[in-house]
Amino acid sequence: MSGCLAADTGSERGLAKPKVALASATIVPDKLVVKGPKGFCIDRRSLKSGRSGGFALLVSCAALDEEARGIGLETAILTLQAQPQSKEAARAEAGSLARAFAGIQPIYQENGDGMSLVHLAQGGDVIIPNGEPKHWRAALTFNGYLVGLALYSEKGGVASGGTGKALLIEFAEAVLAANLRADVE
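Below, the structure is looked at part by part. Keep in mind it's a predicted model, so treat the numbers as computed, not measured.

**Structural notes on the sheet that holds strand E9 (residues 135-142)**
Spatially, the 8 strands line up as an open sheet ordered E1-E4-E5-E6-E10-E9-E8-E7, and their pairing is antiparallel. The open sheet is flanked by strand E1 (21-22) and strand E7 (106-112), the only strands paired with a single partner. Sheet analysis places E7 next to strand E8 (residues 115-120), joined by 6 bridges and oriented antiparallel. Residue pairing in the sheet places Gln109 in a bridge with Val118 of E8. Across the sheet, helix H3 (residues 162-181) lies against strand E4 (40-43), strand E5 (54-60), strand E6 (76-84), E7, E8, E9 and strand E10 (145-153), angled at about 25° from E9, the strand it touches most.

**Structural notes on the pairing of E4**
Where E1 lies against E4, 2 bridges are found, and the strand directions are antiparallel. Each bridged residue has a counterpart across the sheet, and for Ala21 the counterpart in E4 is Asp43. Relative to E5, E4 runs antiparallel, the two sharing 3 bridges. What sits directly across from Ile42, in E5, is Leu58.

**Thoughts on unusual backbone geometry**
Positive phi values are uncommon outside glycine, yet Gln105 reaches one of about 55°. With respect to the secondary-structure elements, Gln105 resides in the loop between helix H2 (94-100) and E7. Positioned with a positive phi, Asp113 is a non-glycine residue whose angle comes to about 20°. Tracing the sequence through the fold places Asp113 in the loop between E7 and E8.

**Here's the deal with the nonpolar core**
The biggest cluster of nonpolar side chains holds 31 residues, and the ones touching the most others in it are Ile27, Leu32, Val34, Leu80, Leu149, Leu151 and Phe171. Core analysis: the next-biggest nonpolar cluster, separate from the first, contains 8 residues, Ala21, Cys41, Val59 and Ala150 among them.

**Comments concerning the layout of surface pockets**
Take a probe with the size of a water molecule and roll it over the atoms, and the empty space left behind shows itself. Space inside the largest pocket adds up to approximately 360 Å³. Leu97, Phe101, Ala138, Leu146 and Gly148 are the residues nearest the centre of the largest pocket, which is lined by 21 residues in total. Contributions of two or more residues to the lining of the largest pocket are made by E6, H2, E9 and E10. Considering every element that reaches the lining of the largest pocket, the biggest residue donor is E10, with 6 residues.

**Focus on the environment of Val28**
Tracing the backbone through its elements, the reader meets Val28 in strand E2 (residues 24-28). Its relative accessible area of 0% is what places Val28 among the buried residues. In this structure, the C-alpha to C-alpha distance between Val28 and Gly53, residues 25 residues apart in sequence, is 5.8 Å.

**Re H3**
Its 20 residues give H3 an end-to-end C-alpha distance of 29 Å, which sits within 8% of 28 Å, the value for a rise of 1.5 Å per residue. Taken residue by residue, H3 has Gly164, Leu167, Leu168, Phe171, Ala172, Ala174, Val175, Ala178 and Asn179 as its buried positions. Burial along H3 is one-sided: seen end-on, the buried residues are contained in an arc of 155°. Turned more than 90 degrees away from the buried face of H3 sit Gly162, Thr163, Glu173, Leu180 and Arg181, all of them exposed.

**With respect to the packing of aromatic side chains**
Evaluation of the coordinates by the stated rule reveals 1 aromatic pair. Note on Tyr108 and Trp136: the rings are 5.9 Å apart at their centroids and 70° apart in plane angle, and the pair reads as edge-to-face. Here the residue Tyr108 occupies a position in strand E7, and Trp136 occupies one in strand E9, the gap between them amounting to 28 residues. Residue Tyr108 is classed as partly exposed on the basis of its relative accessible area, which comes to 33%.

Here is what the cut-offs are and how they apply
- Residues numbered from 1 in each chain as written.
- Predicted model: local features only at pLDDT ≥ 70, side-chain atom pairs only at ≥ 80, totals over all residues.
- Heavy atoms only, no water.
- Pairing = 2+ DSSP bridges.
- Helix = DSSP H or I, 4+ residues; strand = E, 2+ residues; numbered from the N terminus.
- Contact = heavy atoms within 4.5 Å.
- Axes fitted to C-alpha atoms, helices over the stretch in contact; angles between N-to-C directions.
- Core = buried A, V, L, I, M, F, W, Y, C linked by side-chain atoms within 4.5 Å.
- Buried < 20%, exposed > 50% of the residue type's maximum accessible area, 1.4 Å probe, protein only.
- 1 Å grid on protein atoms, 1.4 Å probe; cavity = no way out; pocket = protein on both sides within 12 Å on 5 of 7 lines; lining within 4 Å.
- Points joined across faces, edges and corners; volume = space filled by probe spheres on them.
- Expected span 1.5 Å × (residues − 1).
- Arc of directions from axis to C-beta.
- Phe/Tyr/Trp six-rings, centres within 6.5 Å; stacked < 30°, edge-to-face > 60°.

Rendered as structure tokens:
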């Protein structure tokens, strides 16, 4: 019976709809929590989690609120993917990240404070309609997991320049702060 009710929107019966927008969520139990930068929420429907890693897609919280009149933020999509870090793998470096994405033309790379990032010239337009080909990718290691972050935007949006870099760094900082507060071990 509960399975049938969960599939029903419940609006006619006064039942609450399941919340789609999450402020934070566990990606790897006892190891990794995801949280977005200010104004971004996790789309519950995208969430995959388990000991072998996980995935989350984040968008403007307003975009996930059916009662919102407008998105309120420029169209941007953030993703986080986690997988166990192999014992042989060294810390993710920008050069390695750039080589991994060599086919889609890295145009900028940087190593910094525990995170490596690259700006790529192609591929972002495949992810969202009217998307910007340029997009940002980052990698960091945390609690034995390799964490990949990405930022995509509409054409001419944040993924095309330095504002995207700042947003991706803010995303990484939000994830790290959420994990420190959660005392993830």
